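Each chain, letter by letter, is given below.
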Amino acid sequence: HALANYIQKLNIFKIYLVQKNSVWNAFVMGIHSNEKVPPLGSTEALHEDGPANAEKARIWKTDLERHFEEVRIVETENLSESELHNSSTETSYKIVKLVTMVVVFLVLLSATVVSKGATFLMVSQLSKTRSPMPYCTSSIPYAYANLTGPVDARNSEQEKVAWLWGLFFSFLAPELLILLQSLWNVLTRAKKKKESEGDNKKKKESEGDKKTGNAEEIKEENNLLRVDFFFISLSEVAHAAGTAILFFIAFPEMDSISGIMATTALCWFPGCLLILKQIKAKNWKRAPLTVISTLLLLTTIAWPLVWGHANKADNKIWALPVGLFLTSLGWWEGFVGEGTDYLFQLKMKLMDHEKNSDINLGVAPLKICVFLVIFMFGGYLHLNSPYELFTLFLDSFSTLDYFVSPALPGTSETPIYHITTFLENGEILWKGPTMVIIVQIVSTWVAYIFGKFACKGKIQKLCYALPLSVLATPVSVLSLLLLCHNRKSDACFYTSFPPHVFFLCPEEVWKFDWKWLGIIWIVSQILITLHIWFPKNKKLEKTDHIFGADLYSGLLIDQSLMLNRRSDEEKNTKMESQEEDKPGKIRIKGCATLWHETSEEMTVMLQSTFRMDDWTKKMKETPGHRDYFDWELHVFFDDAMATKSNGKVIVNDFVETLRKTIEDYGEKYYGPTKWSVDLEKFKTPYGGRMVWQLPGGTSINVHLKNKKKIRHKKRWSQIMYIYYFLVYMLKNDGLTEEEIEDRKKNTFLLALDGDVDFQPDAITKVVDLMKVNPKVGAACGRIHPTGTGPMQWYQKFEYAIGHWLQKATEHMLGCVLCSPGCFSLFRAEALMSHNVMHTYTTMASEPKHLVQYDQGEDRWLCTLMLKQGWRVEYCAASDSFTQCPEGFKEFFNQRRRWMPSTMLNIVDLISDSKTVIKNNPDISKGYMFYQSFMMFGTVFGPGSIFLMLIGAFSTAFGISNDTALIINAVLAGGFVVACCVLKGPEQVRLAELLTVVYAIIMIAVYIGIILQIIQDGPESLTALSFFVTFGSFLFAAIIHPMEFSCLFCMPIYMATIPSMYMLLMIYAIFNINDVSWGTREGPKSAEDKAKEEEEKKRKKPEGIFGFVQSQLDSTLNSSLSCICCGNEDRTEEKIEKIEKSLVFTEKSLTMLEKSLNQIKGHMNIDGAEYIPEEKDEKNVDENRESKADNQTDQLDLAKTREPKKSVVGLFKSRAKEILVENVKVGFWKEEKERRENEKVIENWKGELNKKEEVFWKELIEKFLFVEKFDEKKRDKEVQGLLELKNNTAGGFVLVNVMWISAFYMLQAHTYELGIKWPIGEKLLSISFDTNDPLNSDQIILDYMYLKVDVLGMLFAIGFIGLMSLQFVTMILHRLLTLEHIVSSTPLLTPMAQGLKQDLAKHSSKIKMNGTKFVNGDKSVSISKV
């Protein structure tokens, strides 16, 4: 029914529109019909004259328009890229976390059980008193086929040697890793720089002698003393000795079940320390349980006594309790509290990774030596000398040596047969003790890695505590009981074991016996290690803060993981524990730089800003949230002012666009009711400032820079906000020196571009990296380019592999070299350190500085930070999106800026590598070699692409190498010549044309590569390089499932390799003297145009060369204009045409208005006086006087024209509506003047406080002053840049030509100078030598090997090695990212998460019913829940 009403009303409105159109046309054409116009709607009364009917018509039309508006098209806001990404990742991350938890749980439990099983399988082979084991008769060799009855087997002493070495290697593996890791840290550690005497004097003067003395005392307290080293050495040596006693003396004489249960009684010393800690903390609830648990462990003394009575001749009953106690001495750090002052201080010292490395470097060899001594002399093997452990080493691993005998009970003499089986190469690995040793070492390492992952990923309860504390030992015992039961029932049940090798099973498998003691020990272990169920560590916590030791115990993996786990890792210092949960400790200043962004790009940034405002408001409502931080946004607007003809300075159109965008989108985002934000405007020494206070409590501060008052460009904007935040704000907040230093460590600047799109979670992810490592000076996230078109597709894949492979490798090997300015977090302390910000403010004095400093300012800032020892990291879990160039010209100009700056900064680092390695502990010689190799590939990349094209052309098109060389030389050489003689835009047009040509050719090239692989085989160098490259890309996309779609853009990337790695490099090098920005260039003023014309005339070449060059320029320019005319920028011409059209339209409307007035006057239509006309002030009174006469005349005329009444009435009513809706021209003029006055900076009433104004004036005077134009200096810079271009381009062309020549000549003479490629040989023929009767039965195989040139082989091997290195480091970095995602993703819904936080918050306050606790000044009664 409602739909029918709407349709009826729409039809009525349609009739009205048709009638209105027909009346207007009739009026204009002068056709006055005598027929009556059909009534509008259903009655004619609506068109009759009279005020009542007119009012009815007005009400009817208003109602009609309202219903029409109800069915209008509602504008919906499209989701941004970050919102789309966030909506897809939120659920995906939860699924990933669930799957990861299941995998970690299963792997950790399985690895622990396998490690314990492999360990006790080796121990079982060492027993001297074990009864013979049933032997599988089907495995008896043919020579002993007469043994048909039951047969028993036992090991020989020679084979026991291999199992002894297996236990030693299992213990040695983690200790050797610790030793190598510590040695590496010590060798590559940066030497601390000593402060100069002047700095010491300044410090003493500013801080005072007392403060300096306190600092020295604190420093001495943190240093390790000799007594510290002695205590640590003693505990570690005792731990190694106890472990050796257990596994070489005690456990071999126990069955495997009893031995596994005895390992749970290793909590003697940790239990005693825990009792002291709990008594000191007055934890009377847990202290009694801990005392009982520790006392129950003393029952381990009773076990060997009972076991000793059963074995009267044995004298080793001391071994078990002594071994357990000595072993427990090594696990003390996780159970030391503040009650034990010395041990607590020592533990705090050992949380320093450098001190740990120093200790391990001395302690690890001692532990290995002690274990080796007991291994040699404590095993009590029936050997003539302990040195036989070394002489029998090879034989014990290469043979299976054992004895078998018939199981004949009651027989006095039993024949014993000695069986020796020699193992060949492969069998040594698979059938001997070697496999068990490898399984034990690998499973132990896997258990440690996954256990550490569970702790860092904050999934410790279910994936760490549950499998280790509750399940590992019971599952191991039950598994062994089942294995023993099956083996005793059928000796041939397990064929995977060697027939004479198995666990030492109890006589009666399922007899309960003394196993109840094992249950008591397990319960005691759970109670003493209860802290692992309540983790307190942060996300991505350091290993030193999670575990007491760097690695693990190779023979006791589950106990080492539990007892090594710290219980108070969050209390690194008392100060940190007190300040940990203070809201507002982290402060982030968003610093966006704007220039000539469009309204759409500004809207993207505002979306992120308003989301941050909402997020901050929610975080404030959750006090104590660990991810909370203070947030405010500052926008620094370059070139924001314009000067009018009258000399007044106003904000330009881009600023007005930003203002209107903020107001429009703010109302749209928050709604009209919430968006009632007042704009504050301030005059500043650098221009102006606009401030919006957002509804969520944050603010947007827009700093408008006047380039006539302050330097413009991005680097100077960064200097501007760094000094503003880190100097002015810190110095004027009333903080002490200590508070200022603390504020610097916890204040971060988030560098943003004006078109960046991000979610709040992206910031919290990079902040996590800053929290974990205080030496991280900058961190960046994963940047996703947005846009449309082929260029965006290319950049999408380029960015993907750049982050997947390059940035991940830099992060894992050393440091990331560049943290991009579009989305990067910088630590205030790092920016304000010596030789970082002070150097960053340096004016460019050399030509290369003009390129290095201003063309890639973010990379140069990172270079300065790396030189001062700060670390730069990459966080793949933080996603942000930025607009990328969509046009070929804009892309080429952007990379023309980036590439030379990147190369100069890397060369700067490599040339100063000694200082960098000395200052930065994260950068090593190996890392610098990696960067040098990458730089080598960049420089020689164009030549290598050129050579690849030659070979591919030859294979694909069936032409000779010489012809392919000529074709490619014409294409590439022609572009080099064009870069020498043509201007930049024409070079880009030619590059665009060649890109299309090369893209078409590359299709044939790849087909040619495939044909070559088929011809040479899959093991050739070409095939290996091809498979490694594409395999890395494919696997990288698989392990980045959220970015797998990037792989679909790979064809564009592969087709444009010649253009992007050869033509683009040539273009960048040959235009290195162009220091313009190249993207978002704004319209030039008349002054700039005049200067450019004058410069062109002044620099016009003269003479014959000048004439030839000018003719060549004009010819090529005209040719390229014809070819690429579609890309010519005619924006200015279009603007001029539009302006002319607007002027013409304005004149036409004025004439039409006058004509309408004349027509209305001729037709005597009332209301003409309301139509604005151009009048003189003198005629105003005359018009007012004649007003009454005109109305009377019009009424008389209307009566005489009765037939035209309906038409005229309709026109009158519509004309009145138009006149009422329109605003007088005078009002528009006033509104325009008001808006223009608002733009004038001098009219802004807001002013800064005096301190800030003085600060800006001093900063501008010192660093940001505008240089006066100096023609001589400018000419010198231009000449210097030209000289830099000539030298760089000449050297670049020379080395690449030499590279191409050397490669080409070697490939041309491969047969004479090449090296035989050892793999991928081809079988040519099979023959027999029939002439030699003695060897006539021998087959002669004729193989053909590929030959490769030396340089080509070295280059290919280097490339394959580089890709393999990036592949491995990518996997390692991906694991770190998975750890980050898992630790940051809550599985609960927001409602459940909030309920959990509320319960946790109130649980600590719940007391007994009716008790009180003090909250501030009030006593609050709490009821029991």
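Treat the numbers as computed from the prediction; the structure is a model and nothing was measured.

Conventions we followed
Residues numbered from 1 in each chain as written. Predicted model: local features only at pLDDT ≥ 70, side-chain atom pairs only at ≥ 80, totals over all residues. Heavy atoms only, no water. Helix = DSSP H or I, 4+ residues; strand = E, 2+ residues; numbered from the N terminus. Buried < 20%, exposed > 50% of the residue type's maximum accessible area, 1.4 Å probe, protein only. Contact = heavy atoms within 4.5 Å. Areas by Shrake-Rupley, 256 points an atom, 1.4 Å probe, with all protein chains shown as cover. Pairing = 2+ DSSP bridges. Axes fitted to C-alpha atoms, helices over the stretch in contact; angles between N-to-C directions. Polar contact = N/O pair within 3.5 Å; in protein donor to acceptor, adjacent residues only side chain to side chain. Salt bridge = Lys/Arg side-chain N within 4 Å of Asp/Glu carboxyl O. Disulfide = S-S within 2.5 Å. Parallel < 35°, antiparallel > 145°, perpendicular 65-115°, else oblique. Left-handed = near helix turned anticlockwise from the far one by under 90°. Nonpolar A, V, L, I, M, F, W, Y, C, P; charged D, E, K, R; others polar. Phe/Tyr/Trp six-rings, centres within 6.5 Å; stacked < 30°, edge-to-face > 60°. Lys NZ or Arg CZ within 6 Å of the ring centre and 35° of its normal. Expected span 1.5 Å × (residues − 1). Arc of directions from axis to C-beta. Patch = residues over 30% accessible without salt bridge, like charges linked within 9 Å, V, L, I, M, F, W, Y side chains within 5 Å. pLDDT = per-residue confidence, 0-100.

This part takes up the overall build of the protein chain. The helix and strand inventory of the protein chain stands at 53 helices and 23 strands. For the protein chain, with 1425 residues in total, the buried portion stands at 46%. Restricting to contacts in the protein chain with at least 6 residues of sequence separation, those with at least 24 account for 79%. When the accessible surface of the protein chain is summed, it comes to about 73,400 Å², and 61% of that surface belongs to carbon and sulfur atoms.

Considering the arrangement of structural elements, one finds Glu873 in strand 16 (residues 871-883). Look at Glu873 and you get buried, because its relative accessible area is 9%. Setting aside chain neighbours within four positions, we find Glu873 in contact with Leu769, Asn773, Val776, Ala778, Ala779, Cys780, His811 and Val816.

One open sheet accounts for 4 strands, arranged 1-2-3-4; its pairing is antiparallel. With one partner strand each, in any of the chains shown, strand 1 (133-135) and strand 4 (417-422) form the two edges of the open sheet. For this sheet, the mean inter-axis angle between neighbouring strands, taken without regard to orientation, is 40°. In the sheet, strand 3 (residues 399-406) pairs with strand 4 via 6 bridges, with the strands oriented antiparallel. Residue pairing across strands places Leu400 opposite Thr421, the latter belonging to strand 4.

All right, on to the sheet that holds strand 5 (residues 587-594) then. Within a beta sheet, neighbouring strands are joined by backbone hydrogen bonds and run either parallel or antiparallel to one another. Pairing is mixed in the open sheet, where 11 strands are placed in the order 13-16-14-15-12-5-6-11-10-9-17. In this open sheet, the two edge strands, each paired with only one partner strand, are strand 13 (757-758) and strand 17 (1246-1247). Bridge count between strand 5 and strand 12 (residues 747-753): 7 bridges; the pairing is parallel. Each bridged residue has a counterpart across the sheet, and for Ala592 the counterpart in strand 12 is Leu752. The sheet strands contacting helix 26 (residues 737-745) are strand 5, strand 12 and strand 15 (823-827), and the helix crosses strand 12 at an angle near 40°.

Here Asp627 is to be found in the loop between helix 23 (599-620) and strand 6 (630-637). It is 8.6 Å that separates the C-alpha atoms of Asp627 and Asp768, two residues lying 141 residues apart in sequence. The contacts of Asp627, once residues within four sequence positions are left out, are Lys539, Trp615, Thr764, Asp768 and Lys771. A polar side-chain atom of Asp627 sits 3.4 Å from a polar atom in the side chain of Lys539.

In total, this model carries 32 salt bridges according to the counting rule given. Notably, a salt bridge pairs Arg895 with Glu798, separated by 2.7 Å at the nearest N-O pair. Separated by 97 residues along the polypeptide, Arg895 in helix 33 (residues 888-911) and Glu798 in helix 28 (residues 790-813) bring together distant segments of the chain. Taken individually, Arg895 and Glu798 each receive the classification buried, so the pair is uniform in this respect. The partner of Asp912 in a salt bridge is Lys867, and the shortest N-O contact between them spans 3.9 Å.

Taken as a whole and assessed by the stated rule, the structure comprises 1 disulfide. A sulfur-sulfur distance of 2.1 Å marks the disulfide that ties Cys484 to Cys505. Between Cys484 and Cys505, the disulfide has an S-S torsion of -80° and is therefore left-handed. Taken as a pair, Cys484 in helix 18 (residues 460-489) and Cys505 in the loop between helix 18 and helix 19 (515-528) lie far apart in primary sequence, 21 residues in all. There is no split in this pair, since Cys484 and Cys505 are both buried. Between Cys875, a cysteine without a disulfide, and Cys780, which holds the nearest cysteine sulfur, the sulfur-to-sulfur distance is 8.7 Å.

With that out of the way, let us pick up the packing of helix 36 (residues 941-957) against helix 41 (residues 1057-1070). One way to put it is that helix 36 packs onto helix 41 with a least axis distance of 8 Å and a crossing angle of 135°. Relative to helix 41, the element helix 36 is oriented oblique. Regarding helix 36 and helix 41, the two cross each other, and that crossing is left-handed. For the pair helix 36 and helix 41, contact is made by Gly941, Pro942, Ile945, Phe946 and Leu949 and by Ile1057, Pro1058, Tyr1061, Met1062 and Met1065, respectively. Considering only residue class, the contact of helix 36 with helix 41 consists of 9 nonpolar, 1 polar and no charged.

Quick look at helix 11 (residues 319-328) now. Within helix 11, 7 of the 10 residues are buried, which leaves the element mostly enclosed by the surrounding structure. Of all the residues in helix 11, the buried ones are Ala319, Leu320, Pro321, Gly323, Leu324, Thr327 and Ser328.

Okay, the packing of helix 23 against helix 24 (residues 653-670) next. Where helix 23 meets helix 24, the closest approach of the two axes is 9 Å, and the angle between their N-to-C directions is 45°. It follows that helix 23 is oblique to helix 24 by the angle criterion. Taken as a pair, helix 23 and helix 24 cross one another with a handedness that is right-handed. Residues Ser599, Met602, Thr603, Leu606, Gln607, Phe610, Arg611, Asp613 and Asp614 of helix 23 pack against Phe654, Thr657, Leu658, Thr661, Ile662, Tyr665, Gly666, Tyr669 and Tyr670 of helix 24. Counted by class, the contact of helix 23 with helix 24 contains 9 nonpolar, 6 polar and 3 charged residues.

Time to look at the packing of aromatic side chains. The full count for this structure, using the stated rule, is 65 aromatic pairs. Clustering of aromatic rings is evident, with ring pairs tying together Tyr794, Phe797, Phe888, Phe891, Phe892, Phe1026, Phe1027, Phe1030, Phe1033, Tyr1053, Tyr1061 and Tyr1067. Between the NZ or CZ atom of Arg715 and the centre of the ring of Trp716, over which it lies, the distance is 4.3 Å.

The next subject is the environment of Ser293. Looking at the element boundaries, Ser293 is found in helix 9 (residues 287-296). C-alpha separation for the pair Ser293 and Ser524, spaced 231 residues apart in sequence, amounts to 4.5 Å.

As a further point, take unusual backbone geometry. It is generally the case that most residues other than glycine have a negative phi and that most peptide bonds are trans. A positive phi angle is found at Leu540, which is not glycine, with a value near 55°. Topologically, Leu540 is positioned in the loop between helix 19 and helix 20 (543-546). Taking the relative accessible area as the measure of exposure, Leu540 reaches 11% and is therefore buried. Positioned with a positive phi, Lys713 is a non-glycine residue whose angle comes to about 95°. Following the sequence through the fold, Lys713 ends up in the loop between strand 11 (699-705) and helix 25 (714-731). Exposure remark for Lys713: the relative accessible area of 35% places this residue in the partly exposed category.

Inspection of the secondary structure assignment puts Ile279 in helix 8 (residues 268-280). The class for Ile279 is partly exposed, based on a relative accessible area of 41%. Residues Ile279 and Gly337, 58 residues apart in the sequence, show an inter-C-alpha distance of 10.0 Å.

Attention now moves to helix 35 (residues 925-939). For an α-helix, 3.6 residues make a turn, and residues three or four places apart therefore share a direction. Over its 15 residues, helix 35 extends 21 Å from the first C-alpha to the last, a length consistent with the 21 Å expected when each residue adds 1.5 Å. When helix 35 is considered as a whole, its buried residues turn out to be Tyr927, Met928, Tyr930, Gln931 and Met935. For helix 35, the angular spread of buried residues about the axis comes to 155°, placing them on one side. Seen from the buried face of helix 35, the exposed residues on the opposite side, beyond 90 degrees, are Lys925 and Phe929. Where helix 35 is buried, its residues touch helix 28, helix 33, helix 34 (913-919) and helix 52 (1350-1384).

Right, let's get into a nonpolar patch on the surface. Together, Leu1323, Ile1326, Phe1328, Ile1339, Leu1341, Tyr1343 and Tyr1345 make up a nonpolar patch on the protein surface, roughly 680 Å² of accessible area in all. At the level of elements, strand 19 (1322-1328) and strand 20 (1339-1344) are the ones that each hand at least two residues to the nonpolar patch.

Looking at the protein chain, pLDDT values average 79 and 74% of them are 70 or higher. In this model, residues 190-219 is a region of pLDDT below 50 whose contacts with residues beyond four sequence positions or in other chains number 17 contacts. Across residues 1403-1425, confidence stays below pLDDT 50; counting only partners more than four residues off in sequence or on other chains, it has 27 contacts.

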